[in-house]
Amino acid sequence: MVDARRWVWLGAALLVCGFFYLLHPILSPFLVALLLAYLFDPLVDRLEKWGLSRTWGVVAVFALFILIVMTLLLVLVPMLAKQLVRLYELAPQMLDWVQHTAMPWVQSRLGLADGFWKFDKVKAAISEHMGQTTDIVGVVLSQATASGLALIGWLANLVLIPVVGFYLLRDWDLMMAKIRSLLPRNREERVVALAGECHEVLGAFIRGQLLVMLALGGIYAAGLMVVGLELGLLIGLIAGLAAIVPYMGFIIGIGSALIAGLFQFGGDLYPMIGIVAVFMVGQALEGMVLTPLLVGDRIGLHPVAVIFAILAGGELFGFTGVLLALPVAAVIMVLVRHVHDLYKDSDIYSGAEDPDL
């Protein structure tokens, strides 16, 4: 009877996995809406404690969120467009520098034969591709409008996210209560405890680390713009996004900023020192202020686990897999930790089953 029940649960799990696999192309807006509901639920709960109804609390939170997003888009998109155009203009100079300075230096140090890199062919291919248009915005628009149905679907998903997120957030507490009421009575306490640990991991990483990423992106972008780096906003935002893995944002940001500064400032030492100082200050603020304040000492995901989860999710399910990667990794980590504790408490580990050993 027990074995039959286990096979039923295994079959149900496989059925659910197959269901999600078949429907993953349309799950992205629902997962994004679910993420927003999860992130904003504590804020709506606080508004409820202050006397606001659940519905009006959700309306207020979503109105504030949409206002912030629209403001950022109106301010950042034109600035980013200008910097992308500037990056497009600098690309030929970067290719020349790689061909005539960087590669000969590497070649002399490694003792490689002339023409080993065959960079002329690479450069010709890149230049031919870049020469097809001088309008980056036109390229983006041509790609976006290549398929009318795809564009309509993308816009529909964009509209669907706040709608689905509103209803999920409004009924979040009711859904959690109904799910808990369906749990087997003899397993409820254990399942709730495991869910609480998963929530702790996700809360520490998603709420905490995302805020750290936003703060670092703002610090890097503002600092590089103060230094006078033309691509400061673009590099700062990329470094902030890369900070989802500790130290990766610092490495990518300072490397790309120094290369961009080398082309813009030439041999001027002081701007380069300023670039290094921006990232050093950002790294110090992250370690001493941002991470302790926003993440604290709560359990987080290991950087290697984050990289593997994101890459594996993207490879298996595309963008939907990326959205699912971190929650699934958090659940797996909690389960692995409990399996580890059970093993340490078992007779197998202690050797109690065989006293002769």
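- An unreviewed UniProt entry annotates the protein chain as AI-2E family transporter originating from Pseudomonas sessilinigenes.
- The record in UniProt for the protein chain states the following under Sequence similarities (unreviewed entry): "Belongs to the autoinducer-2 exporter (AI-2E) (TC 2.A.86) family."

1. Points about the UniProt feature "transmembrane region" (unreviewed entry) in the protein chain
Step number 1: When the UniProt feature table is mapped to this numbering, "transmembrane region" (unreviewed entry) covers residues 7-23, 56-81, 149-169, 210-229, 235-262, 269-285 and 305-336.
Step number 2: Helix makes up 90% of residues 210-229 and strand 0%, with an end-to-end C-alpha separation of 25 Å.
Step number 3: The distance separating the terminal C-alpha atoms of residues 235-262 is 14 Å; by composition the span is 82% helix and 0% strand.

2. With respect to empty space enclosed by the protein
Step number 1: Enumeration over the complete set of coordinates arrives at one cavity of 30 Å³ or more.
Step number 2: By volume, the largest cavity is sized at about 40 Å³.
Step number 3: Lining the largest cavity are Leu216, Tyr220, Ala243, Val245, Pro246, Tyr247, Gly249, Phe250, Gln283 and Glu286.
Step number 4: Counting residues per element, the ones that place at least two in the lining of the largest cavity are α7 (188-227), α9 (248-265) and α10 (269-295).

3. Some thoughts on helix α8 (residues 232-242)
Step number 1: Counting buried positions along α8 gives eight out of 11 residues, so the element sits mostly inside the fold.
Step number 2: Residues of α8 that are buried include every one of Gly232, Leu233, Leu234, Ile235, Gly236, Ala239, Gly240 and Ala242, and no others.

What counts and what doesn't
Residues numbered from 1 in each chain as written. Predicted model: local features only at pLDDT ≥ 70, side-chain atom pairs only at ≥ 80, totals over all residues. Heavy atoms only, no water. UniProt positions renumbered as here; feature names shortened; annotations may be inferred. Helix = DSSP H or I, 4+ residues; strand = E, 2+ residues; numbered from the N terminus. 1 Å grid on protein atoms, 1.4 Å probe; cavity = no way out; pocket = protein on both sides within 12 Å on 5 of 7 lines; lining within 4 Å. Points joined across faces, edges and corners; volume = space filled by probe spheres on them. Buried < 20%, exposed > 50% of the residue type's maximum accessible area, 1.4 Å probe, protein only.

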